[in-house]
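# Observations on the model geometry
Letter by letter, the chains look like this.
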Amino acid sequence: MAIRIYNTLTRQKEEFKPLREGEVRMYVCGPTVYDYPHLGHARTYIAFDVIRRYLEHKGYTVLMVMNFTDIDDKIIKRANETGEDPKELAERFLRIFLEDMKALKVKPADVYPRVTEHMDDIINFVKKLQEKGYAYEGSDGVYFEVRKFRDYGKLSKIKLEDLVKGARVEPGEGKRNPEDFALWKKAKPGEPKWESPWGEGRPGWHIECSTMSSKYLGESFDIHGGGNDLIFPHHENEIAQSEACFGHEWVHYWMHTGFLMVNGEKMSKSLGNFVTVRELLKRYNPEVIRLFVLQRHYRSPLDYSEEGIEHAKNNLERLYNTLENIRVAMKRAEISFRWDEPEFRAYEAIRDARRKFYEAMDDDFNTAEALKAVFEVSNVVNRYLTEVEKPKESILRKAWEFFKDVGEVFGLFEDYFKEQKAGNEEELINLLVEVRAQLRKEKKFDLADKIREELRKLGIQLEDTPQGTVWKRVKV
RNA sequence: GCCGGGAUAGCCUAGAGGCGAGGCGAGGGACUGCAGAUCCCUUCCACCCGGGUUCAAAUCCCGGUCCCGGCUCCA
């Protein structure tokens, strides 16, 4: 079945057809590394992570590129404030970003091009624009002449006249027109600088993405993504640069994520209403954060609140419990020599839920809708287990495999499917469980409870069921 | 001013002309020595307001109200 993607360029959902059979080339705008990433960043990168995972799950080879802006005005400014060397500051926060993303189980990009590693490519790109007559050198830098590019505004739907009228664009000393933007900034005293045909300086913000994306993904590729706030001017300017340079359409599908909101306002550094990923990870399992993000469609604004995170936590707990129920039931499951009513019902329900899951994901990666199907299976399998004495292995396996696929796409249940063996720790726990069972038989409940309590503190939860005592590791 | 996005039961989220969605929370019941997990039932059938189109609208159209975002650095 075909995937449909909402394309910001056309403002509608379109059938996804990659330029090359079986391969998806995607570029996601990475961060400017001058501070700790917050939940807003996490939201965007988790969203694109799931999109990427889903495409891979569907069998595509995905070439994923994400840039690092490791030299820029903000970095210089911050470095001046802290007295740190801009290079070191950028390096530090770049590492922190990578660590945080890893902790959030965001799959790493295939290439993380850094601006400072691509100066020659960037300079060549600017040169080409100059040769083609789209760029000119001013007193303080090289600029892109916006009005020479016919299609300017096609992504953001902004008209050039309005832009100039709005007077929001800075006139700037070296510019011919107020709407022009910098491709190369000549260095002021004390600023970091690189050699170029226009003297020492550094690249403008937009040119890096045009240069580095085409270097790794070619002069046209499938998906370019980022936060909503990048549509204008960043992505609009990228289009202008790239299409002016290449002379043909550049990116096929533009995808943008909605903001993370706090009390009705965008989470941002300037408002000071942000929660860093680190802080959050101290208090919550990364999968809780992922589920929190996935409960809302990626294009819609997502409201942050403690309560919202708690919701996600409860939801995740429920899914983990179901997984645990299946795992335990597997031990007493039997081969299906016949199916009865409950088996047929469970099978059909799981089959339908799986279909719904894929339909939802195919429809512009509707994770919120897809999650409904996940909870349906959770419910179905739990009910099945209460209905039958001896569960059939094939039914449990169907549910189990479904959760495994969901986990792969959403980046959930990872520990669960991975962490099974842990040396003889398991045997020790089993021993304690046996001892406790004996104590319970003898009605020595206080001692039995003590064992349960102490194990709970160690992260092992015991549960007494009609089939005997089972234990699980508490993940959330 | 110019472009966008919203308003869904106590809460969080989907959906998008007719089978009234999923989760959380709350209450009750089953099972338990207790706890936990799970299941069943209930939460008195929700879609900002006012018009219109239609046999039928939360969903389409018109007009409002309120909220948010972009137009300047931003994921």
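Nothing here was measured: the structure is a model prediction, and the numbers come from that model. (Residues numbered from 1 in each chain as written. Chains lettered and ligands numbered in written order. Predicted model: local features only at pLDDT ≥ 70, side-chain atom pairs only at ≥ 80, totals over all residues. Heavy atoms only, no water.)

Spatially, the four strands line up as an open sheet ordered β4-β3-β9-β10, and their pairing is parallel. The open sheet has two edge strands, β4 (61–66) and β10 (251–257), and neither has a second partner. Across this sheet, the average inter-strand angle for adjacent strands is 20°, counted without regard to direction. One ladder, built from six bridges, connects strand β9 (residues 221–227) with β10; its direction is parallel. When the sheet's bridge partners are listed, Ile223 is paired in β10 with Tyr253. Contacts from helix α7 (residues 231–246) reach β9 and β10, with the element oriented near 170° to β10. (Pairing = 2+ DSSP bridges. Helix = DSSP H or I, 4+ residues; strand = E, 2+ residues; numbered from the N terminus. Axes fitted to C-alpha atoms, helices over the stretch in contact; angles between N-to-C directions. Contact = heavy atoms within 4.5 Å.)

Let us now look at the packing of helix α9 (residues 286–294) against helix α10 (residues 306–330). For the pair α9 and α10, interaxial distance at closest approach is 8 Å and the crossing angle is 110°. The angle between α9 and α10 falls in the class roughly perpendicular. Here α9 contributes Glu287, Val288, Leu291 and Phe292 to the contact with α10, which in turn contributes Gly308, Ile309, Ala312, Lys313, Asn315, Leu316 and Tyr320. Residues that form the contact of α9 with α10 fall into these classes: seven nonpolar, two polar and two charged. (Parallel < 35°, antiparallel > 145°, perpendicular 65-115°, else oblique. Nonpolar A, V, L, I, M, F, W, Y, C, P; charged D, E, K, R; others polar.)

When its domains are assigned, chain A resolves into domain 1 (4–302), domain 2 (305–418) and domain 3 (425–473). Placing a centre on the C-alpha atoms of domain 1 and another on those of domain 3 gives a separation of 53 Å. (Domains from an automatic or database assignment.)

Take the pairing of strand β14 (residues 460–465) next. Sheet topology places β14 next to strand β15 (residues 468–473); six bridges connect them, and they run antiparallel. Residue pairing across strands places Thr465 opposite Gly468, the latter belonging to β15. As consecutive antiparallel partners, β14 and β15 are separated by two residues.

Residues Leu55, Tyr304, Phe357, Phe365, Phe410 and Phe413 are the most contacted members of the largest nonpolar core, which totals 91 residues. A per-element tally of this core places helix α1 (residues 39–57) first, with ten residues. Formed jointly, this core draws a minimum of three residues from each of two domains, domain 1 (4–302) and domain 2 (305–418). The residues touching Tyr304, leaving out its near neighbours within four places in the chain, are Leu39, Leu260, Met261, Val262, Met267, Val275, Leu280, Arg283, Phe292 and Ile309. (Core = buried A, V, L, I, M, F, W, Y, C linked by side-chain atoms within 4.5 Å. Buried < 20%, exposed > 50% of the residue type's maximum accessible area, 1.4 Å probe, protein only.)

Axis angle and axis distance: for two packed helices, these are the angle between their axes and the distance between the axes, and together they describe the pair. Their axes nearest at 9 Å, the elements helix α11 (residues 341–362) and helix α13 (residues 393–410) cross at an angle of 15°. In terms of axis orientation, α11 runs roughly parallel to α13. As for how α11 packs across α13, the hand of that crossing is left-handed. The residues of α13 that touch α11, namely those facing Glu343, Ala346, Tyr347, Ile350, Ala353, Arg354, Phe357, Tyr358 and Met361, are Ile395, Lys398, Ala399, Glu401, Phe402, Asp405, Val406, Val409 and Phe410. (Left-handed = near helix turned anticlockwise from the far one by under 90°.)

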